[in-house]
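# Coordinates in review
Next come the chains, spelled out residue by residue.
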Amino acid sequence: MHDLVIRNGVIVTASDVFRAEIGVSGGVIAALGHGLQGRESLDAGGKFVIPGGVDSHCHAEQRMSGGVVNADDLFTATRSAACGGTTTIIAFALQPRDGTLADIVPAYTERATRCAVDYAFHLWVTNPTETVLRDELPALIAAGHRSVKVFMTGKTNWLDDLALLRVMEVAREHGALLTVHAENWGIHQYLGEKLAAGGFRHPKYQAVLKPAIGEREAVHRIASLAELIDTPIQIFHVSAPEAAAEIEAAQRRGVRVHAETCTQYLALSAADLNRPGFEAAKYVFGPAPRSNAERGSLWDYLKRGVIDVVTSDHAPVNFDAADGKKRWGTEPNVDQIPNGIPGVETRLSILWSEGVARGRISPSEFVALSSTNAARAFGLYPRKGTIAIGADADLVVWDGNRTARVTNADLHHAVDYTPYEGMELTGWAETTLLRGQVVHDRGRYLGHEGQGRWLKREAYDWLKPAGHFPSGYDPFRQVVTHPDLQ
């Protein structure tokens, strides 16, 4: 006798679509079949049943520089996630430039006890001191934090090539996936200075400040560094087809370069920045939105698997707030406008609406992009990201036919706007279950603060390096393999 049986659903995984009942016992999937018996039952009404979403790129309750704060804490962000069909997030533990990871990770861990869904952290390195590289990162990775983030741009975040290589080396040797924000910081600074001097202050000039060429160059560079020392990496929020082309070229050379894009790059464009006054700041995020033609071309890279994860990059900053978008007033230099938009709750609906409903991807590809591939990449699979015996019963009854308009009043985050206001989307989460417990049903949040659990991630084979060094030198074993030097 199971605790719960989900009946009359069409199960969708990354590889299959089939009809079966799901038996849940002790918070995990215990059986798939027909005629299952349970103390409780849930009728899916003929709708899809999909794995809970895995959003591997979420910012919440994060300490940032310059007096800007996240509008969402880790409870409101994860409540919003649950109501959109996402049951696992990976947030960030940000190292202050003048601080250490050892000091900050416990603080983030304490805040996360309020999470409404399951969670993990990326270790965000801004100052890779000898102590951080030698002691702190290896210990934190061994403790279960199996991903590291680095920035190639940003005044308080960027790392030069040597620092990037040193962080990559630690990630490779200790079994963590390196994630990268890839934009050229020099280009950003140069164009920021020129735009300010020319009086170009409107937020729409973000599309000029953060051009695709800056992303393309940084992607090429970080892929080359990864190739040099045989380190698997994931490039965050790929926005431009020309950057995706660099990733595909590296993949064809056998480099372990993986990529995500975000729903804003599939649903918004540079034209959304071309609005009157400071209202356009609602669409300021990084990298910047691209043209409609570039947005359409990203789907080709998704279909081919070059980009294999779609996240929200949920970065909730209030619009009408002195600690949000208006931190520097309503006429700041274009490079002073705080980055970030909310999106964790609308992620799955946007991906389904733009992807499945428009015939660009199949339901199984939707599951792969929104859940399974992220779970594999970050050491959570098969506990998360699939519907299989032994997996956590993180499940969503998904109404693929429901069409509704997005309104901020209906969302469950703590942000004062959504950039998707008024957008008509097809495909919505009807019911969300976290480890077999209903936490959301038809727009009502039914869970509670602290229901989420930290996901300790053990070492996993997906991260295994290839063992190829194009320079003819293996710096880890101190072996020269160059054919002309034997």
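Residues numbered from 1 in each chain as written. Predicted model: local features only at pLDDT ≥ 70, side-chain atom pairs only at ≥ 80, totals over all residues. Heavy atoms only, no water.

Per an unreviewed UniProt entry, the protein carries the name D-hydantoinase and comes from Falsiroseomonas stagni DSM 19981. Checking UniProt for the protein, the heading Sequence similarities (unreviewed entry) contains the comment "Belongs to the metallo-dependent hydrolases superfamily. Hydantoinase/dihydropyrimidinase family." Under the UniProt heading Cofactor (unreviewed entry), the entry covering the protein gives this text: "Zn(2+)". (UniProt positions renumbered as here; feature names shortened; annotations may be inferred.)

Our next topic: the sheet that holds strand β1 (residues 2-7). Pairing is mixed across the open sheet formed by four strands, whose spatial order is β5-β4-β1-β6. Two strands bound the open sheet, and with one partner strand each, they are β5 (28-33) and β6 (38-43). Each adjacent strand pair in this sheet contributes to an overall mean axis angle of 25°, direction not counted. As paired elements, β1 and strand β4 (residues 21-25) share three bridges and run antiparallel to each other. Bridge pairing links Leu4 to Val24 in β4. (Pairing = 2+ DSSP bridges. Helix = DSSP H or I, 4+ residues; strand = E, 2+ residues; numbered from the N terminus. Axes fitted to C-alpha atoms, helices over the stretch in contact; angles between N-to-C directions.)

As summarised here, the arrangement of the seven strands in space is β3-β2-β7-β16-β17-β18-β19, forming an open sheet in which the pairing is mixed. What marks the edges here is a single partner per strand, and that holds for β3 (17-19) and β19 (444-445). Strand direction decides the pairing type here: strand β7 (residues 48-51) and strand β16 (residues 395-405), joined by four bridges, are antiparallel. Looking at the pairing, Val49 lines up with Val397 of β16. On the sheet, helix α11 (residues 347-356) packs against β7, β16 and β17 (424-434) and is oriented at approximately 135° with respect to β17. With respect to the sheet, helix α12 (residues 363-377) is in contact with β2 (10-12), β3, β7 and β16, its orientation differing from that of β7 by roughly 30°. (Contact = heavy atoms within 4.5 Å.)

Turning to the pairing of β17, a few remarks are in order. The element β17 is largely enclosed, with a buried count of ten among its eleven residues. Sheet analysis places β16 next to β17, joined by eight bridges and oriented antiparallel. Along β17, the bridge assignment pairs Val396 with Thr432. Where β17 and strand β18 (residues 437-441) come together, four bridges link them in antiparallel fashion. (Buried < 20%, exposed > 50% of the residue type's maximum accessible area, 1.4 Å probe, protein only.)

The subject of this paragraph is the domain arrangement of the protein. Its domain assignment divides the protein into domain 1 (2-50 + 383-403 + 422-445) and domain 2 (52-382). Each side of the interface is counted separately: domain 1 has 33 residues, and domain 2 has 32 residues. Taken together, both faces of the contact between domain 1 and domain 2 bury some 2,500 Å²; the carbon and sulfur share is 64%. Together, Lys384, Trp398 and Tyr445 form the three largest contributors to the area buried by domain 1 at its contact with domain 2, with a combined 24%. Scanning the region where domain 1 abuts domain 2 turns up two salt bridges. (Domains from an automatic or database assignment. Buried area = accessible area lost by both parts, 1.4 Å probe. Salt bridge = Lys/Arg side-chain N within 4 Å of Asp/Glu carboxyl O.)

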